[in-house]
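# A closer look at the structure
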Amino acid sequence: FYLGETRGDPIKAGAYSKDFTYKDVANFSNLVYISKYYYEIQLDSPMSVDISSIQGEDFALELVSEGDFVAGSEYYQKTDQYSTRIPKKKLLPGKYELQVTIPRFGGKLNLEINGKIVDGIVLGDTKDSPIDIGLVGVDTDYVTTFDTSDYFDDKKGTAKNYRGDVYHKFELASTIDVEVT
């Protein structure tokens, strides 16, 4: 097997702690036995990452962390050609695997990965920085709403959950029933 053809031997796209752009071109026109191609990306800082395959080929992209699905690709039109991309996604530091599904009849992959540092972690963004509701008693009524796309997805997401997680903490004044919806 060649580099990138197996999950155990991915192409190392690099380790990044500041803004970056990574580009790679791979030609799969004459290969019929490969169905996936793998890249590894190491983020050392929280980043907003955008991944795309331009030039109109029908590649599917999937971002995975520790075996968990993080984000999948969508198709869009760019200068009269259809391309594939994973739109900007806020990611916490860690190792990520990009799985590229190759079209049935191959093609040319023009991969571009752009990362931009995200300044700081906002309150409620991680388990280490929860929003403190304070002491909760029988008469406490705490109601709030969030646009969770402004938060990181600390649990890495599932196919049904692309939004970020918002953490809260509170202390009970006594034993009571708590309803969270």
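What counts and how
- Residues numbered from 1 in each chain as written.
- Predicted model: local features only at pLDDT ≥ 70, side-chain atom pairs only at ≥ 80, totals over all residues.
- Heavy atoms only, no water.
- Helix = DSSP H or I, 4+ residues; strand = E, 2+ residues; numbered from the N terminus.
- Buried < 20%, exposed > 50% of the residue type's maximum accessible area, 1.4 Å probe, protein only.
- Contact = heavy atoms within 4.5 Å.
- Core = buried A, V, L, I, M, F, W, Y, C linked by side-chain atoms within 4.5 Å.
- Pairing = 2+ DSSP bridges.
- Axes fitted to C-alpha atoms, helices over the stretch in contact; angles between N-to-C directions.
- Patch = residues over 30% accessible without salt bridge, like charges linked within 9 Å, V, L, I, M, F, W, Y side chains within 5 Å.
- Areas by Shrake-Rupley, 256 points an atom, 1.4 Å probe, with all protein chains shown as cover.
- Salt bridge = Lys/Arg side-chain N within 4 Å of Asp/Glu carboxyl O.

Here we come to the overall build of the protein. When its secondary structure is counted, the protein shows zero helices and 12 strands. For the protein, the sequential pattern of α-helices and β-strands runs β-β-β-β-β-β-β-β-β-β-β-β. Burial statistics for the protein: of 181 residues in total, 41% are counted as buried. Across the protein, contacts joining residues at least 24 apart in sequence account for 75% of those joining residues at least 6 apart.

Judged by nonpolar contacts, the single largest core of 29 residues is most densely connected at Y22, Y39, I51, L98 and I113. Non-local contacts of I51, meaning those with residues more than four positions away in its chain, are made with L61, L63, T84, R85, I86, L98, L111, E112 and I113.

Taken in spatial order, the five strands line up as β1-β3-β9-β5-β6 in an open sheet, and their pairing is mixed. In this open sheet, the two edge strands, each paired with only one partner strand, are β1 (11-16) and β6 (68-72). Across the sheet, the axes of successive neighbouring strands diverge by a mean angle of 25°, strand direction being ignored. Sheet topology note: the strand β5 (residues 60-65)/strand β9 (residues 94-101) ladder contains five bridges and is antiparallel. Opposite E62, over in β9, you have Q99 as the bridge partner.

For the rest of this paragraph, the subject is a nonpolar patch on the surface. A cluster of nonpolar side chains, F170, L172, V178 and V180, forms an exposed patch at the surface whose accessible area comes to about 370 Å². Checked against the element boundaries, V180 lands in the segment after β12 (168-172).

Now for the pattern of salt bridges. Enumeration according to the criterion identifies three salt bridges in this entry. Between R7 and E97 there is a salt bridge, and its shortest N-O distance comes to 3.1 Å. Residue R7 is located in the segment before β1, and its partner E97 is located in strand β9; the two are separated by 90 residues in the primary sequence. Across the pair K23 and E112 runs a salt bridge whose closest N-O atoms are separated by 3.7 Å. Of the two residues, K23 sits in strand β2 (residues 20-27) while E112 sits in strand β10 (residues 108-117), which places them 89 residues apart along the sequence. Assessed through its relative accessible area of 22%, E112 is described here as partly exposed.

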